[in-house]
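# Chain and residue survey
These are the residues of each chain, in order.
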Amino acid sequence: MFTRDSPVYTIVRGFTLATAVLHYVAAAATDRGRKRPSNEDAFGFSVEDGVYVVCDGMGGAAAGEIASSLAVDEMLRLLSGHGAGSSGNLPEAVEQAITAANEAIYTRGQRNQRLSGMGTTLVALAVEESHVWVLNIGDSRCYRMRQGRLEQLTVDHSLVEEQVRSGRMSRAEALRSPLRNVITRALGTQVRVTPDVFGLEAEPGDLFLLCSDGLTRELPDAVIESMLAESRPLEDLCARLVGAAKKAGGNDNITCLLVSAEA
Ligand code: MG
């Protein structure tokens, strides 16, 4: 047995290797931005349970806010006890949580005319020691900063992303396209949803960024990369990212959640 704070020593062919068990530190910030009357983004995390979620809601009236906060609450509730340190089947738990969260939002939208059609994007991490599952539905994103390099891990489920991938539109055109808000998958808008789910191994020093499009529309990846390269507390990095996105226009709600893997 070992705790998440103590290193594990493994004997391999006579050499003693110190296999440090990773632990995680997280911080997040959200802001209404400068143009929107309310904040329809939501985030939540539990380092103890290894769950980190960012959602960007949509729908008339207050529906977007309800959808995004419902999704965050459901994911945290359904994945509590499945993360760090547990020996459960995390990928299966993740799929079940997505299905249940989708159903919760969809059912609520069906029952209440005012909330009809509401939905949300969802980008999340479910972490068990060094195993990280990335979940994505919609155009919120997950990036990983490793050795000073920022890499986008998720693919947007958006009309412009499809156009770019099929060669019908350039990246520059996609950024200006009037169709750039159209997402091709959302949580809660239909009876069923198919998330992208993939696993990867975290290394000490990895920094994961989960964010809504209010950040990535305003700041080019190169700017985010250089800001994350600065060695500062995660809270400061979050505040600076949000501040920079507001300064660059703040046309949408802005949310960022940083998760650092440390030895
Ligand atoms: Mg947005």
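Structure's up top.
Residues numbered from 1 in each chain as written. Predicted model: local features only at pLDDT ≥ 70, side-chain atom pairs only at ≥ 80, totals over all residues. Heavy atoms only, no water.

## Things to note about the overall build of the protein chain
Looking only at helices and strands, the protein chain features seven helices and 13 strands. Sequence separation of 24 or more characterises 68% of the internal contacts of the protein chain that already satisfy a separation of 6 or more. Carbon together with sulfur atoms contributes 49% to the accessible area of the protein chain, which is approximately 12800 Å² in total. (Helix = DSSP H or I, 4+ residues; strand = E, 2+ residues; numbered from the N terminus. Contact = heavy atoms within 4.5 Å. Areas by Shrake-Rupley, 256 points an atom, 1.4 Å probe, with all protein chains shown as cover.)

## Digging into the sheet that holds strand S10 (residues 149–152)
Two orientations exist for strands paired in a sheet by backbone hydrogen bonds: parallel and antiparallel. If you trace the five strands from one edge of the open sheet to the other, you get S3-S13-S12-S9-S10, paired in antiparallel fashion. A single partner strand is all that each edge strand has here, and the edge strands are strand S3 (23–31) and S10. If you compare each strand with its neighbour and ignore which way they point, the axes differ by 20° on average. Each of strand S9 (141–146), S10, strand S12 (207–211) and strand S13 (254–262) is contacted by helix H6 (residues 221–228), which is oriented at about 135° to S10, the strand it contacts most. (Pairing = 2+ DSSP bridges. Axes fitted to C-alpha atoms, helices over the stretch in contact; angles between N-to-C directions.)

## Things to note about the coordination of the magnesium ion
For the magnesium ion, the full set of protein donor atoms is Asp 56 (OD), Asp 213 (OD) and Asp 252 (OD), and the range of their distances to it is 2.1 to 2.2 Å. On the basis of relative accessibility, which here comes to 9%, the residue Asp 252 falls in the buried class. (Donors = N, O, S within 2.8 Å, 3.2 Å for Na, K, Ca; no water. Buried < 20%, exposed > 50% of the residue type's maximum accessible area, 1.4 Å probe, protein only.)

## Here we look at the nonpolar core
Ranked by size, the top nonpolar core spans 29 residues in total, and within it Val 53, Met 75, Leu 79, Ile 98, Leu 122, Leu 135 and Leu 187 carry the most contacts. Among the secondary structure elements, those contributing two or more residues to this core are strand S5 (51–58), helix H1 (63–79), helix H2 (90–111), strand S7 (122–128) and strand S8 (131–137). Of the residues forming this core, the biggest block, eight residues, is contributed by H1. Sequence-distant contacts of Val 53, defined by excluding residues within four places in its chain, comprise Ala 42, Phe 43, Gly 44, Val 72, Met 75, Leu 122, Val 123, Ala 124, Leu 210 and Leu 257. Formed by 23 residues, the second largest nonpolar core is a distinct cluster that contains Tyr 143, Leu 150, Ile 224 and Ala 244. (Core = buried A, V, L, I, M, F, W, Y, C linked by side-chain atoms within 4.5 Å.)

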